[in-house]
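# A structural walkthrough
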Amino acid sequence: MRLFKKRKVMLVLGGGSARGISSIGVLKVLERHFGRDRMPFDMVIGTSIGGLIGAAYCLGLTPEEMEKVAEEFKWPKFLDLGLNSTGLVKGDKLEEMIIEFTGNMAFSDMKIPFALTTTDIETGEELVHTSGDLVKLVRASCSWPGIFSAVDFDGRKLVDGGLRNSIPTKDAHDLGATFILAVNPGFGVKNHKVGNVIQALIQSFQIMGDELNAYQARSADVVIKPDLGDLDQFDFEKSKFIIEQGEEATRKKMEELKRKLWLHWLV
């Protein structure tokens with residue numbers, strides 16, 4: 001047995017807007033089982049709202065504190081219309097919400113090493129950040145292209161990391177992960193008749209996103225996938241239910257997670 005082989009256990013938090021709030025429930029159950037000071041993760045990486053939740057957690061916020069903030073999420077809090085070349089919404093209110101979550105702190109304040117992903121909308125390049133302006137980068141990772149304006153950063157126009165990495169397991173491996181626990185919030189693919197072009201476009205986006213999530217989650221050692229049905233990415237008013245589903249899905253995976261972690265550390 002290679003008892004001294006270097007291990008790096010990483011928690012990977014997927015995006016999904018309102019659905020991604022389920023990661024708070026995941027963290028609540030993980031803390032109950034391991035204890036806040038004994039969480040098994042050497043690093044956390046997230047994308048989109050998973051990046052926001054991951055950043056807040058690594059900065060020291062408890063899941064309960066994040067839950068209280070999430071209960072206040074409402075679409076009007078995010079919307080400050082201001083059309084420009086990359087989006088319909090300026091994103092200043094989104095940034096205010098991020099500061100409410102993170103306290104305007106920095107990567108250097110992290111208690112657990114943290115990374116998040118963005119996408120360069122002009123080149124299509126995926127980027128992984130472990131330093132820089134944390135608030136601006138989280139804002140970029142949460143900025144759906146065409147809706148929220150791109151964030152100018154280091155000469156690039158950055159948008160939602162979920163375009164390329166809705167569940168950034170590949171990036172986790174690139175950062176040296178030897179064991180990955182991934183949270184897959186899924187997409188709200190609906191089983192209904194499509195009656196107009198808008199419904200067709202939205203359903204197409206959901207189908208493509210769900211397939212990308214499933215593909216990227218395959219390289220994780222354990223995947224937690226909350227049962228959120230066809231709940232929309234916009235259903236922030238259902239945060240309580242979403243978090244509860246994250247808790248339930250995690251409880252069901254705890255024995256598998258503990259067993260696989262033990263084997264990973266042992267072999």
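Look a little higher up for the structure.
Reference entry: report on the structure contained in this document. Predicted model, so just to flag it, every value in this text is computed and none were measured.

### Looking at the packing of helix 5 (residues 92-102) against helix 6 (residues 134-141)
Angle between the axes and distance between the axes: these two values describe a pair of packed helices. Interaxial distance between helix 5 and helix 6 falls to 9 Å at its minimum, and their mutual angle equals 120°. For the element pair helix 5 / helix 6, the angle class is oblique. Judged by the twist between their axes, the crossing of helix 5 over helix 6 is right-handed. Across from Asp-92, Leu-94, Glu-95, Ile-98, Ile-99 and Thr-102 in helix 5, the residues of helix 6 making contact are Val-135, Lys-136, Val-138 and Arg-139. Partitioning the contact of helix 5 with helix 6 into residue classes produces five nonpolar, one polar and four charged.

### A look at the nonpolar core
Formed by 63 residues in total, the largest nonpolar core has its most connected members in Ile-21, Leu-30, Met-66, Phe-73, Phe-114 and Leu-257. It is helix 2 (residues 49-59) that contributes the most residues to this core, eight residues altogether. Discounting residues that sit within four places of it in the chain, Leu-257 has contacts with Leu-30, Phe-34, Phe-179, Leu-181 and Val-222.

### Remarks on unusual backbone geometry
For Ser-17, which is not a glycine, the phi torsion comes out positive at approximately 55°. Within the secondary structure, Ser-17 sits in the loop between strand 1 (9-13) and helix 1 (22-34). The class of Ser-17 is buried, set by a relative accessible area of 6%. Even without a glycine there, the phi angle at Asp-154 is positive, about 50°. Along the chain, the position of Asp-154 falls in the loop between strand 7 (151-153) and strand 8 (156-160).

### Topic: helix 3 (residues 63-70)
Within an α-helix, residues lying three or four positions from one another point in the same direction, as the helix has 3.6 residues per turn. Turning to helix 3, its buried residues number three or more, namely Pro-63, Met-66, Glu-67, Val-69 and Ala-70. Projection of helix 3 onto a plane perpendicular to its axis shows the buried side chains occupying an angular sector of 160°, all on one side. Tucked into the core, helix 3 has its buried residues touching helix 1, helix 2, helix 5 and helix 9 (239-266).

### Observations concerning the pattern of salt bridges
According to the stated counting rule, one finds 18 salt bridges in the structure shown. When the shortest N-O distance is used, the salt bridge between Lys-136 and Glu-95 registers 3.1 Å. Residue Lys-136 is located in helix 6, and its partner Glu-95 is located in helix 5; the two are separated by 41 residues in the primary sequence. Taking the relative accessible area as the measure of exposure, Glu-95 reaches 15% and is therefore buried. Lys-238 is paired through a salt bridge with Asp-235; the nearest N and O atoms lie 3.8 Å apart. Note on Lys-238: relative accessible area 39%, which makes it partly exposed. Taking the relative accessible area as the measure of exposure, Asp-235 reaches 13% and is therefore buried.

About the thresholds
- Residues numbered from 1 in each chain as written.
- Predicted model: local features only at pLDDT ≥ 70, side-chain atom pairs only at ≥ 80, totals over all residues.
- Heavy atoms only, no water.
- Axes fitted to C-alpha atoms, helices over the stretch in contact; angles between N-to-C directions.
- Helix = DSSP H or I, 4+ residues; strand = E, 2+ residues; numbered from the N terminus.
- Parallel < 35°, antiparallel > 145°, perpendicular 65-115°, else oblique.
- Left-handed = near helix turned anticlockwise from the far one by under 90°.
- Contact = heavy atoms within 4.5 Å.
- Nonpolar A, V, L, I, M, F, W, Y, C, P; charged D, E, K, R; others polar.
- Core = buried A, V, L, I, M, F, W, Y, C linked by side-chain atoms within 4.5 Å.
- Buried < 20%, exposed > 50% of the residue type's maximum accessible area, 1.4 Å probe, protein only.
- Arc of directions from axis to C-beta.
- Salt bridge = Lys/Arg side-chain N within 4 Å of Asp/Glu carboxyl O.

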